[in-house]
2 protein chains.
Amino acid sequence: MMRNIALKLMYVGTAYHGWQRQKNAMTVQEMLETCVAKVVKHPVRFTGAGRTDAGVHAEVYIANFRTSCNIPCDRMPLAFNARLPGDIVVLAARQVSEEFNAIGSCLRKEYTYRVYNSRIRNAFYVDRAYFYPKRLDEDFLQDAANRFVGTHDFSAVRDVGTPTRTNVRTISYFTVSRSGELIELRVCADGFLYNQVRCMVGTILYAAEGKFRPEDIDGILARKNRTEAGPTAPPEGLYMTKLWYREPVGLETDPIDSGLEYAALD
Amino acid sequence: MMRNIALKLMYVGTAYHGWQRQKNAMTVQEMLETCVAKVVKHPVRFTGAGRTDAGVHAEVYIANFRTSCNIPCDRMPLAFNARLPGDIVVLAARQVSEEFNAIGSCLRKEYTYRVYNSRIRNAFYVDRAYFYPKRLDEDFLQDAANRFVGTHDFSAVRDVGTPTRTNVRTISYFTVSRSGELIELRVCADGFLYNQVRCMVGTILYAAEGKFRPEDIDGILARKNRTEAGPTAPPEGLYMTKLWYREPVGLETDPIDSGLEYAALD
(Lines give C-alpha, C1' and ligand atoms only; values in the text may rest on other atoms or scores of the structure.)
Protein backbone atom coordinates (compact mmCIF):
# COMPACT_ATOMS: atom_id res chain seq x y z
CA MET A 1 0.00 0.00 0.00
CA MET A 2 1.31 3.46 -0.91
CA ARG A 3 1.22 5.92 1.96
CA ASN A 4 1.28 9.70 1.53
CA ILE A 5 3.74 10.99 4.16
CA ALA A 6 4.19 14.63 5.22
CA LEU A 7 7.53 15.58 6.73
CA LYS A 8 8.15 18.61 8.90
CA LEU A 9 11.65 19.83 8.04
CA MET A 10 14.12 22.49 9.13
CA TYR A 11 17.06 23.56 7.03
CA VAL A 12 19.87 26.08 6.80
CA GLY A 13 19.78 27.16 3.17
CA THR A 14 23.32 28.54 2.89
CA ALA A 15 24.80 25.50 1.16
CA TYR A 16 21.89 24.93 -1.24
CA HIS A 17 20.53 26.47 -4.40
CA GLY A 18 17.07 26.66 -2.93
CA TRP A 19 14.44 23.99 -2.51
CA GLN A 20 13.67 22.91 -6.05
CA ARG A 21 15.68 20.38 -8.05
CA GLN A 22 18.05 21.92 -10.59
CA LYS A 23 20.27 20.41 -13.24
CA ASN A 24 23.69 21.64 -12.11
CA ALA A 25 23.37 22.62 -8.46
CA MET A 26 22.56 20.84 -5.22
CA THR A 27 19.17 21.72 -3.77
CA VAL A 28 17.34 20.76 -0.59
CA GLN A 29 14.83 18.71 -2.59
CA GLU A 30 17.53 16.67 -4.33
CA MET A 31 19.46 16.06 -1.09
CA LEU A 32 16.28 14.97 0.66
CA GLU A 33 15.16 12.70 -2.18
CA THR A 34 18.60 11.08 -2.41
CA CYS A 35 18.86 10.41 1.32
CA VAL A 36 15.27 9.28 1.86
CA ALA A 37 15.44 6.93 -1.15
CA LYS A 38 18.33 5.09 0.52
CA VAL A 39 16.21 4.48 3.60
CA VAL A 40 12.89 3.55 1.97
CA LYS A 41 14.73 1.61 -0.79
CA HIS A 42 12.84 3.06 -3.74
CA PRO A 43 13.05 6.36 -5.64
CA VAL A 44 11.01 9.15 -4.08
CA ARG A 45 9.73 12.49 -5.29
CA PHE A 46 8.94 15.26 -2.81
CA THR A 47 6.41 18.04 -3.16
CA GLY A 48 7.49 21.05 -1.09
CA ALA A 49 5.49 23.86 0.48
CA GLY A 50 7.26 26.51 -1.59
CA ARG A 51 10.25 27.23 -3.79
CA THR A 52 12.61 28.87 -1.38
CA ASP A 53 15.56 30.50 -3.15
CA ALA A 54 19.30 29.91 -2.76
CA GLY A 55 20.43 30.98 0.70
CA VAL A 56 16.90 31.13 2.16
CA HIS A 57 16.29 29.12 5.34
CA ALA A 58 13.38 27.20 6.85
CA GLU A 59 12.67 26.86 10.54
CA VAL A 60 9.59 24.94 9.44
CA TYR A 61 9.02 23.44 6.02
CA ILE A 62 6.50 20.80 4.97
CA ALA A 63 7.07 18.36 2.13
CA ASN A 64 5.18 15.20 1.22
CA PHE A 65 6.14 12.03 -0.65
CA ARG A 66 4.61 8.64 -1.39
CA THR A 67 6.18 5.42 -0.20
CA SER A 68 5.56 1.69 -0.19
CA CYS A 69 7.93 1.18 2.75
CA ASN A 70 6.53 0.07 6.08
CA ILE A 71 8.71 2.20 8.37
CA PRO A 72 6.45 3.63 11.12
CA CYS A 73 6.16 7.43 10.94
CA ASP A 74 7.62 7.93 14.42
CA ARG A 75 10.81 6.13 13.33
CA MET A 76 11.27 8.19 10.19
CA PRO A 77 12.93 11.31 11.68
CA LEU A 78 15.84 9.38 13.19
CA ALA A 79 16.15 7.07 10.17
CA PHE A 80 16.20 9.94 7.66
CA ASN A 81 18.39 12.22 9.81
CA ALA A 82 21.04 9.50 10.02
CA ARG A 83 21.47 9.88 6.23
CA LEU A 84 20.94 13.63 5.89
CA PRO A 85 23.69 16.24 6.30
CA GLY A 86 23.51 18.35 9.48
CA ASP A 87 21.94 21.36 7.77
CA ILE A 88 18.72 19.51 6.84
CA VAL A 89 16.71 17.97 9.68
CA VAL A 90 13.47 15.97 9.66
CA LEU A 91 11.55 17.07 12.77
CA ALA A 92 8.45 14.89 12.39
CA ALA A 93 6.61 12.62 9.95
CA ARG A 94 2.89 11.90 9.66
CA GLN A 95 0.71 9.91 7.30
CA VAL A 96 -1.70 12.26 5.56
CA SER A 97 -4.70 11.80 3.28
CA GLU A 98 -4.20 10.73 -0.31
CA GLU A 99 -5.23 14.24 -1.44
CA PHE A 100 -2.76 16.12 0.77
CA ASN A 101 -0.22 18.17 -1.19
CA ALA A 102 2.33 20.30 0.68
CA ILE A 103 1.92 23.26 -1.67
CA GLY A 104 -1.62 22.84 -3.00
CA SER A 105 -3.14 22.19 0.43
CA CYS A 106 -1.29 25.06 2.08
CA LEU A 107 -3.69 27.79 3.23
CA ARG A 108 -1.29 30.30 4.74
CA LYS A 109 2.43 30.79 5.17
CA GLU A 110 4.47 32.93 7.49
CA TYR A 111 7.92 34.13 6.51
CA THR A 112 10.26 35.95 8.88
CA TYR A 113 12.90 38.32 7.57
CA ARG A 114 15.80 38.99 9.97
CA VAL A 115 17.94 42.11 9.87
CA TYR A 116 21.07 42.44 11.99
CA ASN A 117 21.03 46.18 12.65
CA SER A 118 24.28 47.27 14.24
CA ARG A 119 27.19 49.46 13.28
CA ILE A 120 29.49 46.43 13.33
CA ARG A 121 28.59 43.07 11.86
CA ASN A 122 28.19 39.93 13.96
CA ALA A 123 30.19 36.88 12.88
CA PHE A 124 27.46 34.56 14.17
CA TYR A 125 24.80 36.12 11.92
CA VAL A 126 26.76 35.88 8.67
CA ASP A 127 24.47 34.06 6.17
CA ARG A 128 21.69 34.08 8.79
CA ALA A 129 20.51 37.70 8.77
CA TYR A 130 20.85 40.75 6.52
CA PHE A 131 23.55 43.00 7.99
CA TYR A 132 22.27 46.56 7.87
CA PRO A 133 24.59 49.03 9.63
CA LYS A 134 22.47 52.21 9.50
CA ARG A 135 20.23 52.54 12.57
CA LEU A 136 16.64 51.53 11.81
CA ASP A 137 13.58 52.72 13.71
CA GLU A 138 11.18 49.82 14.16
CA ASP A 139 8.11 52.09 14.50
CA PHE A 140 8.90 53.56 11.09
CA LEU A 141 9.38 50.07 9.62
CA GLN A 142 6.02 49.02 11.12
CA ASP A 143 4.30 52.03 9.52
CA ALA A 144 5.67 51.01 6.15
CA ALA A 145 4.88 47.31 6.65
CA ASN A 146 1.25 48.15 7.50
CA ARG A 147 0.77 49.49 3.96
CA PHE A 148 1.06 45.96 2.58
CA VAL A 149 -1.55 44.39 4.89
CA GLY A 150 -4.84 43.41 3.26
CA THR A 151 -5.82 42.25 -0.22
CA HIS A 152 -3.78 43.85 -3.00
CA ASP A 153 -2.32 43.18 -6.40
CA PHE A 154 1.36 42.77 -5.48
CA SER A 155 2.80 43.07 -9.02
CA ALA A 156 4.95 46.02 -7.89
CA VAL A 157 6.79 43.93 -5.30
CA ARG A 158 7.70 40.66 -6.97
CA ASP A 159 10.42 39.61 -9.36
CA VAL A 160 9.82 37.90 -12.68
CA GLY A 161 9.41 34.15 -12.20
CA THR A 162 6.88 31.46 -13.05
CA PRO A 163 3.74 33.18 -14.39
CA THR A 164 0.82 33.20 -11.94
CA ARG A 165 -2.89 33.27 -12.66
CA THR A 166 -3.34 36.34 -10.48
CA ASN A 167 -1.01 38.64 -8.55
CA VAL A 168 -3.64 39.37 -5.92
CA ARG A 169 -2.81 38.04 -2.46
CA THR A 170 -4.05 38.72 1.06
CA ILE A 171 -1.58 39.59 3.80
CA SER A 172 -3.11 38.96 7.22
CA TYR A 173 -0.30 40.46 9.28
CA PHE A 174 3.10 42.07 8.82
CA THR A 175 4.71 42.81 12.19
CA VAL A 176 8.06 44.36 13.04
CA SER A 177 9.87 43.74 16.32
CA ARG A 178 13.34 44.37 17.67
CA SER A 179 15.31 42.33 20.18
CA GLY A 180 18.67 43.99 20.76
CA GLU A 181 20.34 44.32 17.39
CA LEU A 182 18.07 41.85 15.63
CA ILE A 183 14.98 43.12 13.82
CA GLU A 184 12.34 40.60 12.77
CA LEU A 185 9.70 41.25 10.14
CA ARG A 186 7.00 38.55 10.24
CA VAL A 187 4.56 38.41 7.37
CA CYS A 188 1.69 36.00 6.79
CA ALA A 189 -0.34 35.59 3.61
CA ASP A 190 -2.44 33.07 1.73
CA GLY A 191 0.44 32.90 -0.74
CA PHE A 192 3.38 34.93 -1.98
CA LEU A 193 4.57 35.85 -5.46
CA TYR A 194 8.16 35.16 -6.49
CA ASN A 195 10.54 37.11 -4.19
CA GLN A 196 7.58 39.04 -2.79
CA VAL A 197 8.77 39.03 0.84
CA ARG A 198 12.27 40.15 -0.15
CA CYS A 199 10.84 42.88 -2.43
CA MET A 200 8.53 44.14 0.33
CA VAL A 201 11.38 44.18 2.87
CA GLY A 202 13.62 45.97 0.36
CA THR A 203 10.86 48.52 -0.19
CA ILE A 204 10.39 49.08 3.56
CA LEU A 205 14.13 49.61 3.97
CA TYR A 206 14.13 51.98 0.98
CA ALA A 207 11.49 54.04 2.76
CA ALA A 208 13.65 53.96 5.92
CA GLU A 209 16.47 55.45 3.86
CA GLY A 210 14.20 58.37 2.95
CA LYS A 211 13.62 57.36 -0.69
CA PHE A 212 9.85 57.71 -0.15
CA ARG A 213 7.34 57.94 2.71
CA PRO A 214 5.42 54.93 4.09
CA GLU A 215 2.17 56.29 2.65
CA ASP A 216 3.72 56.36 -0.83
CA ILE A 217 3.65 52.56 -0.78
CA ASP A 218 -0.12 52.68 -1.45
CA GLY A 219 0.48 54.35 -4.81
CA ILE A 220 3.43 52.10 -5.64
CA LEU A 221 1.18 49.04 -5.17
CA ALA A 222 -1.66 50.65 -7.14
CA ARG A 223 0.55 51.47 -10.16
CA LYS A 224 1.88 47.85 -10.26
CA ASN A 225 5.26 48.98 -11.54
CA ARG A 226 8.15 46.95 -10.08
CA THR A 227 10.69 49.68 -10.82
CA GLU A 228 9.00 52.14 -8.44
CA ALA A 229 9.48 49.88 -5.39
CA GLY A 230 12.74 49.20 -3.52
CA PRO A 231 15.36 46.58 -4.38
CA THR A 232 15.02 42.90 -3.53
CA ALA A 233 16.50 42.32 -0.04
CA PRO A 234 19.17 39.60 0.07
CA PRO A 235 18.18 35.96 0.70
CA GLU A 236 20.19 35.24 3.86
CA GLY A 237 17.69 37.11 6.07
CA LEU A 238 14.66 35.09 4.92
CA TYR A 239 13.18 32.15 6.85
CA MET A 240 10.02 30.15 6.27
CA THR A 241 8.64 30.01 9.81
CA LYS A 242 5.01 28.77 9.79
CA LEU A 243 2.59 26.89 7.60
CA TRP A 244 -1.14 26.34 7.94
CA TYR A 245 -3.15 23.47 6.43
CA ARG A 246 -6.83 22.76 6.62
CA GLU A 247 -6.22 19.06 7.12
CA PRO A 248 -5.66 18.67 10.84
CA VAL A 249 -3.76 15.38 10.44
CA GLY A 250 -4.45 14.78 14.12
CA LEU A 251 -1.70 17.17 15.03
CA GLU A 252 -3.34 20.37 16.16
CA THR A 253 -3.00 19.54 19.86
CA ASP A 254 0.76 19.78 19.78
CA PRO A 255 1.93 22.16 17.08
CA ILE A 256 5.56 22.09 18.23
CA ASP A 257 6.08 18.37 17.86
CA SER A 258 3.34 17.95 15.36
CA GLY A 259 4.79 18.01 11.91
CA LEU A 260 2.09 20.33 10.68
CA GLU A 261 0.55 23.56 11.81
CA TYR A 262 -3.21 23.63 11.66
CA ALA A 263 -5.63 26.46 11.77
CA ALA A 264 -9.36 26.31 11.11
CA LEU A 265 -9.74 29.22 8.76
CA ASP A 266 -13.05 30.96 8.19
CA MET B 1 56.14 55.83 17.22
CA MET B 2 55.11 52.20 17.79
CA ARG B 3 51.68 51.88 19.41
CA ASN B 4 50.50 48.78 21.27
CA ILE B 5 46.93 48.16 20.10
CA ALA B 6 44.41 45.79 21.68
CA LEU B 7 41.60 44.51 19.47
CA LYS B 8 38.33 43.10 20.72
CA LEU B 9 37.37 40.32 18.32
CA MET B 10 34.54 37.89 17.68
CA TYR B 11 34.88 34.79 15.54
CA VAL B 12 33.10 31.65 14.45
CA GLY B 13 35.79 28.97 14.76
CA THR B 14 34.26 26.37 12.43
CA ALA B 15 36.47 27.16 9.43
CA TYR B 16 39.74 27.53 11.39
CA HIS B 17 42.24 25.26 13.05
CA GLY B 18 42.09 27.27 16.23
CA TRP B 19 43.71 30.57 17.12
CA GLN B 20 47.40 29.86 16.90
CA ARG B 21 49.45 29.92 13.69
CA GLN B 22 50.18 26.48 12.25
CA LYS B 23 52.28 25.33 9.32
CA ASN B 24 49.67 23.61 7.16
CA ALA B 25 46.29 24.90 8.28
CA MET B 26 44.53 28.27 8.34
CA THR B 27 44.10 29.72 11.81
CA VAL B 28 42.40 32.83 13.17
CA GLN B 29 45.78 34.35 14.04
CA GLU B 30 47.15 33.90 10.53
CA MET B 31 44.00 35.26 8.88
CA LEU B 32 44.04 38.27 11.18
CA GLU B 33 47.76 38.95 10.69
CA THR B 34 47.44 38.67 6.91
CA CYS B 35 44.45 41.01 6.68
CA VAL B 36 45.66 43.59 9.21
CA ALA B 37 49.12 43.73 7.57
CA LYS B 38 47.47 44.82 4.30
CA VAL B 39 45.80 47.74 6.07
CA VAL B 40 48.69 48.93 8.26
CA LYS B 41 51.19 48.23 5.45
CA HIS B 42 53.76 46.36 7.53
CA PRO B 43 53.97 42.80 8.88
CA VAL B 44 52.20 42.34 12.22
CA ARG B 45 52.31 39.69 14.92
CA PHE B 46 49.35 39.22 17.24
CA THR B 47 49.39 37.97 20.81
CA GLY B 48 46.05 36.35 21.63
CA ALA B 49 44.25 35.84 24.95
CA GLY B 50 44.36 32.05 24.61
CA ARG B 51 44.91 29.15 22.26
CA THR B 52 41.39 28.22 21.31
CA ASP B 53 41.24 24.89 19.47
CA ALA B 54 39.87 24.02 16.04
CA GLY B 55 36.12 24.56 15.95
CA VAL B 56 36.03 26.62 19.16
CA HIS B 57 34.34 30.04 18.93
CA ALA B 58 34.82 33.44 20.55
CA GLU B 59 32.05 35.91 21.32
CA VAL B 60 34.81 38.02 22.83
CA TYR B 61 38.52 37.61 22.22
CA ILE B 62 41.33 40.07 22.91
CA ALA B 63 44.53 40.20 20.88
CA ASN B 64 47.22 42.88 20.77
CA PHE B 65 49.78 43.92 18.15
CA ARG B 66 52.29 46.70 17.61
CA THR B 67 52.06 49.10 14.73
CA SER B 68 53.76 52.18 13.33
CA CYS B 69 50.67 53.14 11.32
CA ASN B 70 48.75 56.27 12.24
CA ILE B 71 45.21 54.97 11.70
CA PRO B 72 43.06 56.23 14.61
CA CYS B 73 41.78 53.39 16.81
CA ASP B 74 38.13 54.23 16.14
CA ARG B 75 38.71 53.73 12.40
CA MET B 76 40.39 50.35 12.80
CA PRO B 77 37.29 48.12 13.14
CA LEU B 78 35.80 49.18 9.79
CA ALA B 79 39.20 49.23 8.06
CA PHE B 80 40.15 45.74 9.27
CA ASN B 81 36.66 44.25 8.79
CA ALA B 82 36.70 45.34 5.15
CA ARG B 83 39.62 42.92 4.64
CA LEU B 84 38.56 40.11 6.99
CA PRO B 85 36.22 37.25 6.05
CA GLY B 86 32.72 37.38 7.59
CA ASP B 87 33.50 34.87 10.32
CA ILE B 88 36.12 37.08 12.03
CA VAL B 89 35.02 40.54 13.19
CA VAL B 90 36.94 43.35 14.90
CA LEU B 91 34.50 44.90 17.38
CA ALA B 92 36.75 47.59 18.87
CA ALA B 93 40.36 48.78 19.04
CA ARG B 94 42.16 50.67 21.80
CA GLN B 95 45.71 51.84 22.40
CA VAL B 96 47.04 50.13 25.52
CA SER B 97 50.18 50.52 27.62
CA GLU B 98 53.50 49.25 26.30
CA GLU B 99 53.40 46.44 28.90
CA PHE B 100 49.94 45.16 27.96
CA ASN B 101 49.90 41.58 26.70
CA ALA B 102 46.59 39.91 25.80
CA ILE B 103 47.52 36.63 27.46
CA GLY B 104 50.02 37.67 30.14
CA SER B 105 47.88 40.57 31.40
CA CYS B 106 44.69 38.51 31.48
CA LEU B 107 43.43 38.01 35.03
CA ARG B 108 40.33 35.93 34.45
CA LYS B 109 38.51 34.29 31.58
CA GLU B 110 34.98 33.04 31.15
CA TYR B 111 34.15 30.24 28.74
CA THR B 112 30.61 29.17 27.92
CA TYR B 113 29.87 25.63 26.79
CA ARG B 114 26.59 25.21 24.89
CA VAL B 115 24.68 21.93 24.68
CA TYR B 116 21.68 21.52 22.39
CA ASN B 117 19.64 19.07 24.42
CA SER B 118 16.73 17.76 22.38
CA ARG B 119 15.68 14.44 20.95
CA ILE B 120 16.08 15.83 17.43
CA ARG B 121 18.99 17.96 16.32
CA ASN B 122 18.61 21.57 15.23
CA ALA B 123 20.08 22.50 11.84
CA PHE B 124 20.85 26.03 13.09
CA TYR B 125 23.03 24.74 15.95
CA VAL B 126 25.23 22.45 13.86
CA ASP B 127 28.86 23.44 14.61
CA ARG B 128 27.56 25.91 17.22
CA ALA B 129 26.53 23.65 20.11
CA TYR B 130 27.09 20.04 21.18
CA PHE B 131 24.01 18.03 20.21
CA TYR B 132 23.12 15.78 23.13
CA PRO B 133 19.83 13.91 22.59
CA LYS B 134 19.37 12.32 26.04
CA ARG B 135 17.38 14.56 28.39
CA LEU B 136 19.67 16.36 30.86
CA ASP B 137 18.61 17.69 34.24
CA GLU B 138 20.23 21.08 34.81
CA ASP B 139 20.06 20.78 38.64
CA PHE B 140 22.09 17.58 38.42
CA LEU B 141 24.57 19.26 36.06
CA GLN B 142 24.88 22.17 38.50
CA ASP B 143 25.61 19.77 41.40
CA ALA B 144 28.41 18.23 39.38
CA ALA B 145 29.75 21.61 38.18
CA ASN B 146 29.92 22.87 41.79
CA ARG B 147 32.56 20.20 42.55
CA PHE B 148 35.06 22.04 40.34
CA VAL B 149 34.60 25.47 41.96
CA GLY B 150 37.51 26.69 44.11
CA THR B 151 41.26 26.17 44.01
CA HIS B 152 42.29 22.70 42.85
CA ASP B 153 44.97 20.84 40.95
CA PHE B 154 43.10 20.14 37.69
CA SER B 155 45.47 17.49 36.29
CA ALA B 156 42.59 15.00 36.10
CA VAL B 157 40.62 17.18 33.70
CA ARG B 158 43.07 18.40 31.08
CA ASP B 159 44.58 16.87 27.99
CA VAL B 160 48.29 16.68 27.31
CA GLY B 161 49.54 19.90 25.77
CA THR B 162 52.21 22.52 26.43
CA PRO B 163 53.72 21.79 29.87
CA THR B 164 52.64 24.21 32.58
CA ARG B 165 54.48 25.29 35.73
CA THR B 166 51.54 24.28 37.89
CA ASN B 167 48.18 22.62 37.28
CA VAL B 168 46.55 24.50 40.15
CA ARG B 169 43.87 26.96 39.08
CA THR B 170 41.00 28.77 40.80
CA ILE B 171 37.49 28.54 39.40
CA SER B 172 35.36 31.41 40.70
CA TYR B 173 32.04 30.22 39.27
CA PHE B 174 30.62 27.40 37.17
CA THR B 175 26.91 27.95 36.51
CA VAL B 176 24.43 25.88 34.54
CA SER B 177 21.27 27.31 33.00
CA ARG B 178 18.69 26.14 30.50
CA SER B 179 16.72 28.19 28.00
CA GLY B 180 14.43 25.90 26.06
CA GLU B 181 16.58 23.22 24.49
CA LEU B 182 19.84 25.09 24.97
CA ILE B 183 21.91 24.42 28.09
CA GLU B 184 24.73 26.84 28.92
CA LEU B 185 27.59 26.05 31.28
CA ARG B 186 29.52 29.23 32.18
CA VAL B 187 32.84 28.82 33.91
CA CYS B 188 35.27 31.49 35.05
CA ALA B 189 38.84 30.96 36.26
CA ASP B 190 42.18 32.74 36.57
CA GLY B 191 43.35 30.43 33.81
CA PHE B 192 42.59 27.07 32.23
CA LEU B 193 44.78 24.08 31.38
CA TYR B 194 44.71 22.60 27.87
CA ASN B 195 41.16 21.38 27.07
CA GLN B 196 40.20 21.85 30.72
CA VAL B 197 36.72 23.25 30.05
CA ARG B 198 35.91 20.50 27.55
CA CYS B 199 37.24 17.82 29.98
CA MET B 200 35.17 19.23 32.85
CA VAL B 201 32.02 19.37 30.69
CA GLY B 202 32.68 15.82 29.48
CA THR B 203 33.04 14.72 33.10
CA ILE B 204 29.80 16.44 34.13
CA LEU B 205 27.96 14.74 31.24
CA TYR B 206 29.55 11.40 32.20
CA ALA B 207 28.10 11.84 35.69
CA ALA B 208 24.71 12.67 34.11
CA GLU B 209 24.91 9.33 32.28
CA GLY B 210 25.28 7.59 35.64
CA LYS B 211 28.95 6.71 35.27
CA PHE B 212 29.62 8.23 38.72
CA ARG B 213 27.98 10.57 41.23
CA PRO B 214 28.66 14.32 41.42
CA GLU B 215 30.45 13.86 44.78
CA ASP B 216 32.85 11.37 43.16
CA ILE B 217 34.37 14.29 41.25
CA ASP B 218 36.18 15.37 44.46
CA GLY B 219 38.16 12.12 44.49
CA ILE B 220 38.74 12.20 40.74
CA LEU B 221 40.35 15.64 41.11
CA ALA B 222 42.35 14.56 44.18
CA ARG B 223 43.85 11.50 42.45
CA LYS B 224 44.94 13.62 39.44
CA ASN B 225 44.40 10.73 37.03
CA ARG B 226 43.00 11.86 33.66
CA THR B 227 41.67 8.39 32.84
CA GLU B 228 39.23 8.48 35.77
CA ALA B 229 37.40 11.56 34.48
CA GLY B 230 34.98 11.73 31.55
CA PRO B 231 35.86 12.22 27.87
CA THR B 232 36.73 15.56 26.32
CA ALA B 233 33.51 17.21 25.11
CA PRO B 234 33.59 18.23 21.42
CA PRO B 235 34.88 21.69 20.43
CA GLU B 236 31.81 23.09 18.65
CA GLY B 237 30.02 23.84 21.95
CA LEU B 238 32.84 25.98 23.36
CA TYR B 239 32.89 29.79 23.28
CA MET B 240 35.24 32.29 24.87
CA THR B 241 32.77 34.77 26.32
CA LYS B 242 34.51 37.16 28.75
CA LEU B 243 37.96 38.42 29.62
CA TRP B 244 39.14 40.54 32.53
CA TYR B 245 42.24 42.73 32.61
CA ARG B 246 43.59 44.88 35.40
CA GLU B 247 44.47 47.65 33.01
CA PRO B 248 41.27 49.69 32.69
CA VAL B 249 42.35 51.25 29.39
CA GLY B 250 39.73 53.93 30.05
CA LEU B 251 37.03 51.52 28.99
CA GLU B 252 35.36 50.33 32.15
CA THR B 253 32.39 52.67 31.74
CA ASP B 254 31.19 50.92 28.64
CA PRO B 255 32.16 47.26 28.67
CA ILE B 256 29.98 46.40 25.66
CA ASP B 257 31.59 48.79 23.23
CA SER B 258 34.85 48.96 25.06
CA GLY B 259 37.21 46.47 23.57
CA LEU B 260 38.21 45.20 26.98
CA GLU B 261 36.43 43.97 30.04
CA TYR B 262 37.79 45.39 33.25
CA ALA B 263 37.29 44.26 36.80
CA ALA B 264 39.09 45.57 39.87
CA LEU B 265 40.06 42.30 41.48
CA ASP B 266 40.90 42.07 45.19
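Scoring rules and cut-offs
Residues numbered from 1 in each chain as written. Chains lettered and ligands numbered in written order. Predicted model: local features only at pLDDT ≥ 70, side-chain atom pairs only at ≥ 80, totals over all residues. Heavy atoms only, no water. Phe/Tyr/Trp six-rings, centres within 6.5 Å; stacked < 30°, edge-to-face > 60°. Helix = DSSP H or I, 4+ residues; strand = E, 2+ residues; numbered from the N terminus. Buried < 20%, exposed > 50% of the residue type's maximum accessible area, 1.4 Å probe, protein only. Lys NZ or Arg CZ within 6 Å of the ring centre and 35° of its normal. Expected span 1.5 Å × (residues − 1). Least-squares fit on C-alpha atoms with pLDDT ≥ 70 in both. Contact = heavy atoms within 4.5 Å.

Applying the stated criterion to the full structure yields 22 aromatic pairs over all chains. Aromatic pair Phe148(B) and Phe174(B): ring centres 6.1 Å apart, planes at 40 degrees, arrangement tilted. Of this pair, Phe148(B) sits in the loop between α3 (138-146) and β7 (150-153) while Phe174(B) sits in strand β8 (residues 168-179), and the two are 26 residues apart along the sequence. One exposure class covers both Phe148(B) and Phe174(B), and it is buried. The structure contains a cluster of three or more aromatic residues connected by ring pairs, namely Tyr11(A), Trp19(A) and Tyr61(A). Between the NZ or CZ atom of Arg114(A) and the centre of the ring of Tyr239(A), over which it lies, the distance is 4.4 Å. Sitting over the ring of Tyr206(B), Lys211(B) keeps its end group 4.7 Å from the ring centre.

Let us now look at helix α1 (residues 28-40) of chain A. Residue and element names in this part refer to chain A. Helix length check: α1, at 13 residues, gives a terminal C-alpha distance of 18 Å against a target of 18 Å (1.5 Å per residue), a fit within 8%. By the criterion of burial, α1 is predominantly enclosed, with 11 of the 13 residues buried. If you check which residues of α1 are buried, you get Val28, Gln29, Glu30, Met31, Leu32, Glu33, Cys35, Val36, Ala37, Val39 and Val40. Immediately beyond the C-terminal end of α1, within one or two residues, lies Lys41, with a positive phi of roughly 65 degrees.

Each copy of the sequence occupies a distinct position, and chain B is placed on chain A by a rotation of 180 degrees and an axial shift of 0.0 Å, giving an RMSD of 0.0 Å. The operation mapping one copy onto its partner corresponds to a two-fold rotation axis. Taking C-alpha positions as reference, the residue of chain B nearest the rotation axis is Phe124(B), located at 5.4 Å. With an isologous cut-off of 70% or more, the 100% of interface residues of chain B that recur at the interface of chain A puts this contact in the isologous class.

In short, shape yes, function no, at least from these values alone.
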